[in-house]
Amino acid sequence: MDIEFVRSRFVKHFDGKSGNVYASPGRINLIGEHTDYNGGYVFPGAVDKGVIAEIRANGTSDTVMAYAIDLKDRVDFKLSDPDGPRASWARYIYGIALEMQAVGVPVKGFNIAFAGDVPLGAGMSSSAAMESCFAFGQATEHKYIGVNCGIMDQFASVFGKAGCLMRLDCRSREFQYFPFKPDGYRLVLLDSAVKHQLSGSPYNDRRNSCENVVRHIAAHHPEGTFETLRDCTWEQLEEVRAEVGEEDYKRAHFVLGEKDRVLGVCEALNAGDYERVGELMYQTHEGLSKEYEVSCEELDFLNQIARDNEVTGSRIMGGGFGGCTINLVRNDLYQRFIADAKKRFCERYGHEPKVIDVVIGDGSRRLC
Ligand code: GAF
């Protein structure tokens, strides 16, 4: 990401003056998928790729002039317009500004230009990177984009720390940094280029299924407090199996297992047992594919290639429905795995997967 590049565009597109520059990263997630909105644990880290935005007050009461450098698209809108802008990228800016006003921050007109290098639609949270350059990303997703996401992406983007993953308890919001420099292994993402877009996708349906199961369990146990699947046990899930139906049962079954797997990964990391971390990653992939049903043919194929190459661990990363796999691979197997993945994927789908080596970077910050 290049500050000078963003500054040159900002100065050119507006009134020649410079503003303040902020950076916010995308994220990876080692394990703990679809657990955040179920009150469970996640294990993300910020990456060295993200969004840089330059911003300056423009002296108006509520006019925002926004320039998306990569798209070469300029949109001006008023914060007082109840509908807001139509361009989806501009709706993030609109949503964030309105959410800030809603909590009492006086937001006036401003100019903004931004650029990013997080691959779009790869499941690395380019939208959270954009939102965290400002604040309040999760509410923006809910109210202005239509994705009832959990807190993981924005949290990782804001609190990321170079060289560390973090275990976040999404119920209490307590988190702990875990230095992550696996001796003899590396993390690599393979982007299927199947564009994952959560808005309008069955992402919200998955969340509804989980909430439905919680409601049924709560009805059986009026003495207890059941806010999310985090509060539910395996036995309680079995009790409501027939009444919630097989589909919702499978979704909840995955989530309960995933909660345990994150804890299993923590134990394995503490013991330096990366082979165990990898086993749990494969189990997560199975669950996301067969129970939560957020995989696709291309991602299952990439997972199979990882297995064939004896890669330690591999799974879909992020919300699913496209995007990439995250792979924990021994250094000595890395070249062979990547070459095989490129060759076989290209033979089947006519293009190679994009290879993204993971470097764990810092969270949101002001650059100048
Ligand atoms: C997306 C969402 F934005 C996150 O909140 C999380 O639910 C993730 O999918 C799945 O773990 O990235």
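Just so it is clear, the structure is predicted and the values come from calculations on it, not from any experiment.

Engineer: Break down the sheet that holds strand E2 (residues 41-42) for me, with residues and values.
Structural biologist: Strand order in the open sheet formed by three strands is E2-E7-E8, with antiparallel pairing between adjacent strands. The outermost strands of the open sheet, each flanked by one partner alone, are E2 and strand E8 (175-179). With five bridges joining them, strand E7 (residues 164-169) and E8 adopt antiparallel strand pairing. Bridge pairing in E8 links Cys 164 to Pro 179.

Engineer: Give a description of the sheet that holds strand E9 (residues 185-191) that names residues and reports values.
Structural biologist: Across the sheet, which stays open at both edges, the four strands sit in the order E10-E11-E9-E12 with antiparallel pairing between neighbours. Looking along the sheet, the strands with just one partner apiece sit at the ends: strand E10 (313-316) and strand E12 (354-357). Averaged over all pairs of adjacent strands, the angle between strand axes in this sheet comes to 20°, irrespective of strand direction. Summarising the sheet, E10 and strand E11 (residues 324-330) pair through four bridges and their orientation is antiparallel. Across the sheet, residue Ile 316 finds its bridge partner in E11, namely Thr 325. Running at roughly 30° to E10, helix H10 (residues 274-291) makes contact with E9, E10 and E11 of the sheet. The sheet contacts of helix H12 (residues 331-349) involve E9, E11 and E12, and relative to E11 the element is tilted by about 145°.

Engineer: Break down the pairing of E7 for me, with residues and values.
Structural biologist: Where E2 lies against E7, two bridges are found, and the strand directions are antiparallel. Considered in E7, the bridge of Tyr 41 is made with Asp 169. Between E7 and E8, which follow one another and run antiparallel, lie five residues, and Arg 173 among them has a positive phi close to 65°.

Engineer: Requested: an account of the domain arrangement of the chain, with residues and values cited.
Structural biologist: Partitioning the chain into domains gives domain 1 (3-180 + 362-366) and domain 2 (189-357). Spacing between the C-alpha centres of domain 1 and domain 2 amounts to 25 Å. Every contact between the two is made by 28 residues of domain 1 and, on the other side, 38 residues of domain 2. Contributions of two or more residues to the side of domain 1 that touches domain 2 are made by strand E1 (20-29) and E2.

Engineer: Explain the site of the ligand to me, and be specific about the residues and the numbers.
Structural biologist: Around the ligand sit Glu 33, His 34, Asp 36, Tyr 37, Ser 125, Cys 149, Gly 150, Met 152, Asp 153, Leu 198, Gly 318 and Gly 319, and that is every residue in its neighbourhood. Here the residues of the shell around the ligand sort into four nonpolar, five polar and three charged.

Engineer: Can you tell me about the packing of helix H9 (residues 246-270) against H10, naming the residues and giving the values?
Structural biologist: Between H9 and H10, the least distance of the axes is 9 Å, while the angle of their chain directions is 170°. One finds that H9 runs roughly antiparallel with respect to H10. Residues Lys 250, Arg 251, His 253, Phe 254, Gly 257, Glu 258, Arg 261, Gly 264, Val 265, Ala 268 and Leu 269 of H9 pack against Arg 276, Val 277, Leu 280, Gln 283, Thr 284, Gly 287 and Glu 291 of H10. A per-class count over the contact of H9 with H10 returns six nonpolar, six polar and six charged.

Engineer: Pulling in residues and values, what's your account of the environment of Cys 266?
Structural biologist: Position of Cys 266 relative to the elements: it lies in helix H9. For Cys 266, a count of 17 C-beta atoms within 10 Å corresponds to the partly exposed category. C-alpha of Cys 266 to C-alpha of Glu 227: the two residues are 39 residues apart in sequence and 25 Å apart in space.

Rules and cut-offs
Residues numbered from 1 in each chain as written. Predicted model: local features only at pLDDT ≥ 70, side-chain atom pairs only at ≥ 80, totals over all residues. Pairing = 2+ DSSP bridges. Helix = DSSP H or I, 4+ residues; strand = E, 2+ residues; numbered from the N terminus. Axes fitted to C-alpha atoms, helices over the stretch in contact; angles between N-to-C directions. Contact = placed C-beta atoms within 7 Å. Domains from an automatic or database assignment. Near = placed C-beta within 6 Å. Nonpolar A, V, L, I, M, F, W, Y, C, P; charged D, E, K, R; others polar. Parallel < 35°, antiparallel > 145°, perpendicular 65-115°, else oblique. Buried ≥ 20, exposed ≤ 12 C-beta atoms within 10 Å, placed from the backbone.

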